[in-house]
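What the coordinates show
Each chain, letter by letter, is given below.
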Amino acid sequence: MVTRGFIGRQPASKDAHRLPPGQHVVNSFPVLSAGPVPRLATTDWQFVLKLGPRVLKAWDWAAFNRLPQTTITTDIHCVTAWSKFDTSWEGVTVDDILADAGLAAPTEFALAHSYDGYSTNVPTADLINSKAMVALKYNGQPLSPDHGGPARLLVPHLYFWKSAKWVSGLQFTDRDHAGFWELRGYHMYGDPWREQRYTND
Ligand SMILES: Nc1nc2c(c(=O)[nH]1)N[C@H]1C(S)=C(S)[C@@H](COP(=O)(O)O)O[C@H]1N2
Ligand SMILES: [Mo]
């Protein structure tokens, strides 16, 4: 049992507006996953863009690393009530992935898929226009396996379960299909500012 004083605090008042309702700030970086951490060699890694069952384009590790790299600093919010401010990430925006495939986003919804069998649904509008990336680095270092390395989706304006670790691809879908946690009672959208934690929130 860890006391609240250790793991959580109220932000300085100048930062209070950055904390969504029901959240507290952590300085650590908690690790959460539904199952064991998959160990993935970058030589076995690929990222696949699909429309339904059809492969639109796939990149191996080297090709993916040649895409334009973008750095962002952002706050993240986990549904288990921790928020972490000013996390810094580097990776490839979904815009740049689509541009490299020569495509505009083909449907309104997407599912992110992961090497551990995890999935999560995100509306396409929440992935494009610089809102999301496939992150390859955290704090300037290659992403650790615990936090989703070699690569994870990062959708920082939604609860952190939408940021699929060990991401293997994005699949565009015609309708909003529930992913792993969304099938198990979590909200289909997951906006921390509206406290959309569970299905009917
Ligand atoms: N592939 C995969 N991605 C996942 C998960 C998972 O179990 N598998 N858990 C999600 C949940 S519930 C959270 S809170 C964050 C945790 O990320 P972290 O371990 O880097 O803090 O990853 C999300 N992405
Ligand atoms: Mo979570």
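Residues numbered from 1 in each chain as written. Chains lettered and ligands numbered in written order. Predicted model: local features only at pLDDT ≥ 70, side-chain atom pairs only at ≥ 80, totals over all residues. Heavy atoms only, no water.

Digging into the sheet that holds strand E3 (residues 54–60)
- Pairing is mixed in the open sheet, where five strands are placed in the order E3-E2-E11-E6-E7. The two strands at the open ends of the sheet, each matched to only one other strand, are E3 and strand E7 (119–123). The mean inter-strand angle of the sheet, taken between neighbouring strand axes irrespective of direction, is 20°.
- Note: strand E6 (residues 109–114) against E7, five bridges, orientation antiparallel. Counted as the bridge partner of His 113 is Ser 119 from E7.
- Those strands touched by helix H3 (residues 94–101) are strand E2 (46–51), E3 and strand E11 (167–173), and its axis lies near 110° from that of E3. (Pairing = 2+ DSSP bridges. Helix = DSSP H or I, 4+ residues; strand = E, 2+ residues; numbered from the N terminus. Axes fitted to C-alpha atoms, helices over the stretch in contact; angles between N-to-C directions. Contact = heavy atoms within 4.5 Å.)

Re unusual backbone geometry
- In this model, Gly 149 is joined to Pro 150 through a cis peptide bond whose omega is 15°.
- Along the chain, the position of Pro 150 falls in the loop between strand E9 (141–142) and strand E10 (152–154).
- A positive phi is found at Asn 129, a non-glycine position, where the angle reads about 55°.
- Topologically, Asn 129 is positioned in the loop between E7 and strand E8 (133–138).
- Given the relative accessible area of 60%, Asn 129 is considered exposed.
- Of note, Asn 139 is a non-glycine position whose phi angle comes to about 50°, a positive value. (Buried < 20%, exposed > 50% of the residue type's maximum accessible area, 1.4 Å probe, protein only.)

Purely spatial values, then, with no claim about function.
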